[in-house]
Amino acid sequence: MPGLDPRGARVLLTGASSGIGAAAALAFARAGARLHLVARRRDRLAAVTDACRALGAEAHAHVLDVRDRPALFALADALEPTGGVDVAIANAGVMSLGPLLDLTWDELSPQLDVNLNGLIHTLQAFGRGMRARGRGVLMPVSSVLAVQSLPSYGPYCASKFGVQALSDALRWELRGTGVEVVHVLPGATATELHAHMDPARVPATTRQAVRVPPEQVAACMVRAVRRPRANVLCDTRARLLWTGKRLVPWLVDAVVGRVTRPPRKTP
């Protein structure tokens, strides 16, 4: 797949105010990209934007919610006269954990609205301009949990499985157009998504998992723009899970069942 040089590239990044998004903003700033950063939290987004500018990058902050489809399309239309964007990274995501039967709709529905619908809005808003120009990279960011569900992660995993399906379909649809679709699947990453977990709702082995720094994922994303691949796994454990699920799914299921089994109750 032909790639793009991040230097001078116009990069649109959602979920840019923290975690992987903030780390990616700084990584692309160091690579010389021109940034359009999108997030809901004005103060946090301003801080990340200022940090990118301090690295010498051109950076613009756009405070909006990816669930707001008209706002995303309006932003895309506003950028189009100056060349649109070369790379659109759909990274915004939320998580609420717990057994499916115990989650309220208010806990469950934002995961589908942000992680899936918001991602669709982003890809459509910015992908159409890329298709018309015959060049660009669309980068949906999901999780290695797009291939393996875990207890208490059901709705989150469902949204990520959906991202995998959309990415695969979109890649076929854009064959020959010059637009690449690069699906990024981080493994366990040290972000705010896990900071609010209710210990009573999540298996201890999941809470205690060693997480890679978001900067590692961000570096992986910059490399993927230069050398696009269909599916990008950003750490060794993610690659092992991806490969194992395809070659020996029964073994992966056995391991997951064992490590997420609740402790036996003592009489």
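Keep in mind that what you see is a predicted model, and the values were worked out from it rather than measured.

Once that is clear, we can look at the layout of surface pockets. Reported here for the second largest pocket is a volume of approximately 280 Å³. When residues of the lining of the second largest pocket are traced back to their parent elements, those giving at least two are α4 (105–133) and α5 (154–173). Per-element accounting of the lining of the second largest pocket gives the leading share, six residues, to α4. For the lining of the second largest pocket, the residue count by class is six nonpolar, two polar and three charged.

Turning our eyes to something else, we now look at empty space enclosed by the protein. Taken as a whole, this structure holds one cavity of 30 Å³ or more when the rule is applied. Empty space within the largest cavity amounts to approximately 30 Å³. The wall of the largest cavity is formed by Thr 14, Val 66, Ala 90, Asn 91, Ala 92, Val 114, Asn 115, Gly 118, Leu 119 and Thr 122. With five residues, α4 is the single largest residue contributor to the lining of the largest cavity. Per-class residue counts for the lining of the largest cavity are five nonpolar, five polar and no charged.

We now examine the environment of Leu 112. Within the fold, Leu 112 resides in helix α4. A relative accessible area of 27% places Leu 112 in the partly exposed class. Measuring from C-alpha to C-alpha, the distance between Leu 112 and Gly 93 comes to 9.3 Å, with 19 residues separating the pair along the chain. Ignoring any residue separated from it by four or fewer positions in sequence, one finds Leu 112 in contact with Asn 117, Pro 155 and Ser 159.

This paragraph deals with unusual backbone geometry. Positive phi is not limited to glycine here, since Ser 152 has a value of about 80 degrees. Note on placement: Ser 152 falls in the loop between β5 (136–140) and α5. A relative accessible area of 10% means that Ser 152 is categorised as buried.

What counts, and at which threshold
- Residue positions are given per chain, counting from 1 as you read along its sequence in written order.
- Totals for whole chains, interfaces and linings use every residue, but because this is a predicted model, local features are given only for residues with pLDDT of at least 70 and side-chain atom pairs only at 80 or more, for both listing and counting.
- Only hydrogens and water are removed before side-chain values are computed, so all heavy atoms of the structure are retained for them.
- Here a cavity denotes grid points, spaced 1 Å and computed from the protein atoms alone, that fit a 1.4 Å probe unable to get out, and a pocket denotes an open set having protein on both sides within 12 Å along at least 5 of 7 lines; residues with an atom within 4 Å of a point are the lining.
- Grid points are joined across faces, edges and corners, and a volume is the space filled by probe spheres set on the points.
- Under the DSSP-based scheme used, a helix requires at least four consecutive residues in state H or I and a strand at least two consecutive residues in state E, with every element numbered from the N terminus.
- When residues are grouped by polarity, Ala, Val, Leu, Ile, Met, Phe, Trp, Tyr, Cys and Pro land in nonpolar, Asp, Glu, Lys and Arg in charged, and all others, Gly among them, in polar.
- Accessibility here uses a 1.4 Å probe with only protein chains present; expressed as a share of the type maximum, an area under 20% marks a residue as buried, one over 50% as exposed, and anything in between as partly exposed.
- For this analysis, residues touch if any pair of their heavy atoms sits within 4.5 Å.

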